[in-house]
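A closer look at the structure
This is what each chain is made of:
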Amino acid sequence: MDTTRSPRRRRVLAAAAALAAAAGAVTVASAAEAATTLGASAAEHGRYFGTAVAAYKLSDSTYSGILDREFNSVTPENEMKWDATEPTQGSFSYGSADQIVARAKANGAKVRGHALAWHSQQPGWAQNLSGTALRNAMVNHVTQVATHYKGQIDSWDVVNEAFADGGSGGRRDSNLQRTGNDWIEVAFRAARAADPAAKLCYNDYNTDGQNAKSNGVYAMVQDFKARGVPIDCVGFQSHFNANSPLPADYQANLQRFADLGVDVQITELDIEGSGTAQANSYASAVRACLAVTRCNGITVWGIRDSDSWRASGTPLLFDGSGNKKPAYTAALDALNGGSTPPSTPPPSTSTPPPPTGSGCTATIALNQWTGGFVATVKVTAGASRLAGWTAGLTLSSGSSVTNSWNAQSSGSSGAVSFSNVAYNGSVNAGASTEFGFQGTGTGPSSATCTAR
Ligand code: G2I
């Protein structure tokens, strides 16, 4: 994929990466150097860009043409699930999944395995089991399937969707849950024993922002890390629509999981909608992953809108004919650090002098376009070192924050505040740190700053 890259280009990219790392910023490749496919661009950030694949569509040349061209990771959409791989107890069937894995291998793409243990899409025989018989069948299933694909899977969704929706923050009731609360860690241990090289993930939906459900998963991961249960990553499905939009704290939520010492992955991204609004959301999702060092990659849940499990919502990057949508261009531009939408705000030209007293000031560089904006806020310490800071501002009516980086936001419309995250709370006297946010409507021109 990168064989045509010249040594000069490598140096340019390395220099850009070093500069960006020094600035704590997202790596930005210049437009002239921009990669032209999702996978190639993600690879320049050390990440993958993948898609869910259905084996029966591989003979469709439009479908497989886009697949081979754009994506450097694949997830079998249904072919590795329990009902597909063990339709009769003890008798395994890998034909369709093997087909996907073979094609990925031929293209140098990674494979995300999905999913070893899940309450849904179980074969009928498993649905009829309970207690020890089900527990043993589950462990055998995990062991057999992970062994069959040993060494070929980048990341496994070992357990999928085990937490309840709503406010409980607890486990979902299921036949697997009724075998005992330890079923999840037992599944992870069996997977590690069978394929020690694969990253082992917990994967779920409605966990994309901080809420009761994601707090429940967070507590489980924290507990697993503390007790040495082998978990390496958390998957955030990221199925978004008008009722469940990309949360304003998406990046912050990915970051808090990463801070537990696991990788994070966007595993089933799709965003219902069309045009600029959809494009902006895709760009935000991409930028969130790029801004989190331990975000390994992004998988979209299908190629063309017509391939989607919710095709009527046109949630993907290619239309039914395989043409690139505005959402595609926005995702690629965001990967390339580029400008549609939105453009990277220019660095502010006049740096105000640091405030003379203790405390801090906040100044805003605003990149405004019709209907949306990106604000880059510089927080500057006064005569004393800051141990923490909060910037406050008021958005005009009808405007709201959709995404922020390098800060924890509170509120998304009206009076909004942004506080430091763990790594940028300490600011030396006279020194500055920056955070940013994106929104719809009109961006603010001024902000207050409070030292903590
Ligand atoms: O529901 C969206 C996804 C939520 N997270 C877990 C994913 O595994 C899940 O994927 C979807 C597939 O995209 C669908 O293709 O999972 C569905 C089942 O839970 C899949 O749908 C099933 C249909 O229900 C079956 O009738 C059909 O035989 O796809 C099967 C194969 O086409």
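Anyway, here's the lowdown on the structure attached to this text. (Residues numbered from 1 in each chain as written. Predicted model: local features only at pLDDT ≥ 70, side-chain atom pairs only at ≥ 80, totals over all residues. Heavy atoms only, no water.)

1. A short note on the overall build of the protein
Put simply, the rule reads: Think of it this way: any DSSP run of H or I at least four residues long counts as a helix, any run of E at least two long counts as a strand, and we number them from the N terminus. It only takes one pair of heavy atoms within 4.5 Å for two residues to be counted as in contact. The protein chains shown are the only cover counted for residues, whose accessible areas, like all others here, come from Shrake-Rupley with a 1.4 Å probe.
Regarding its fold elements, the protein presents 12 helices and 17 strands. A sequence separation of at least 24 residues applies to 74% of the contacts in the protein between residues at least 6 apart. Surface accessibility of the protein: about 17,700 Å² in total, with carbon and sulfur atoms responsible for 51%.

2. Concerning the site of the ligand
For clarity, the threshold we go by: One heavy atom within 4 Å of a molecule or strand makes the whole residue count as near it. The term polar contact refers here to a pair of N or O atoms within 3.5 Å; inside protein, the definition further demands a hydrogen-donor-capable atom paired with an acceptor-capable atom, and it admits residues adjacent in sequence only when both atoms are side-chain atoms. Each residue is assigned to one class: nonpolar for Ala, Val, Leu, Ile, Met, Phe, Trp, Tyr, Cys and Pro, charged for Asp, Glu, Lys and Arg, and polar for all the others, Gly among them.
Residues in contact with the ligand amount to 13 residues; listed here are only the nearest, Glu77, Lys81, His114, Glu161 and Glu268. Between the ligand and glutamate 77 there is a distance of 2.4 Å, counted from an oxygen atom to a side-chain nitrogen or oxygen. For the shell around the ligand, the per-class residue count stands at three nonpolar, six polar and four charged.

3. Focus: helix H5 (residues 95-106)
Operational definition: How far a helix is expected to stretch is found by multiplying one less than its residue total by 1.5 Å.
Its 12 residues place the ends of H5 17 Å apart at the C-alpha level, agreeing with the 16 Å of an ideal helix rising 1.5 Å per residue. Tucked into the core, H5 has its buried residues touching strand S1 (48-53), strand S2 (73-76) and strand S3 (110-118). Following H5 by one or two positions, glycine 108 has its phi on the positive side, about 70°.

4. Some details on the pattern of salt bridges
Here is the rule we go by: Salt bridges are identified by distance alone: a Lys or Arg side-chain nitrogen within 4 Å of an Asp or Glu carboxyl oxygen. Burial here depends on accessible area, computed with a 1.4 Å probe over protein chains only, as a share of the maximum for the residue type. Under 20% is buried, over 50% is exposed, and the range in between is partly exposed.
Taken as a whole and assessed by the stated rule, the structure comprises 20 salt bridges. Note that aspartate 182 and arginine 135 form a salt bridge whose closest N and O atoms lie 2.6 Å from each other. A residue pair is termed long-range when its members are at least 10 positions apart, and aspartate 182 in the loop between strand S4 (155-160) and helix H8 (183-194) and arginine 135 in helix H7 (residues 131-148) qualify at 47 residues. Assessed through its relative accessible area of 36%, aspartate 182 is described here as partly exposed. Across the pair lysine 213 and aspartate 165 runs a salt bridge whose closest N-O atoms are separated by 2.7 Å. Residue lysine 213 is located in helix H9 (residues 212-227), and its partner aspartate 165 is located in the loop between S4 and H8; the two are separated by 48 residues in the primary sequence. On the accessibility criterion, lysine 213 (3% relative accessible area) is buried. Since its relative accessible area comes to 38%, aspartate 165 is described here as partly exposed. Each member of the salt-bridge network shares a partner with another, and the members are Lys57, Asp60, Arg304 and Asp307.

5. Points about the packing of H8 against H9
Threshold: Comment: axis = line fitted to C-alpha atoms, over the contacting stretch for helices; angle = value between 0 and 180 degrees taken between N-to-C directions. Note that the term roughly parallel is reserved for angles under 35 degrees, roughly antiparallel for angles over 145, roughly perpendicular for angles of 65 to 115, and oblique for everything else. Two helices crossing with the near one rotated counterclockwise from the far one by less than a right angle form a left-handed crossing, whereas a clockwise rotation gives a right-handed crossing.
Between H8 and H9, whose axes approach to 12 Å, the crossing angle comes to 55°. Taken together, the axis directions place H8 and H9 in an arrangement best described as oblique. The element H8 and its partner H9 pack so that their crossing is right-handed. Counted together, Ile184, Glu185, Phe188 and Arg189 of H8 and Met220, Phe224 and Arg227 of H9 form the full contact between these two elements. Per-class residue counts for the contact of H8 with H9 are four nonpolar, no polar and three charged.

6. What about the environment of asparagine 424?
Its location among the elements puts asparagine 424 in the loop between strand S15 (415-419) and strand S16 (432-440). Distance from asparagine 424 to leucine 386, taken between C-alpha atoms, is 9.8 Å for residues 38 residues apart in sequence. Setting aside chain neighbours within four positions, we find asparagine 424 in contact with Trp389, Asn406, Thr433 and Glu434.

7. A closer look at the pairing of strand S9 (residues 295-300)
Stated precisely, the cut-off is as follows: Pairing between strands is defined by DSSP: at least two bridges between the two strands are required. A crossover counts as right-handed when, viewed with the strands pointing away from the observer, the path leading from the first strand over the helix to the second turns clockwise.
Along S9, six of the six residues are buried, which leaves the element largely enclosed by surrounding structure. Bridge count between S1 and S9: four bridges; the pairing is parallel. Considered in S9, the bridge of glycine 50 is made with threonine 299. Inspection of the sheet shows strand S8 (residues 263-271) paired to S9 by three bridges, in the parallel sense. When the bridges of S9 are listed, isoleucine 266 appears paired with isoleucine 298. On the question of chirality, the crossover connecting S8 to the parallel S9 by way of helix H11 (residues 275-291) is right-handed.

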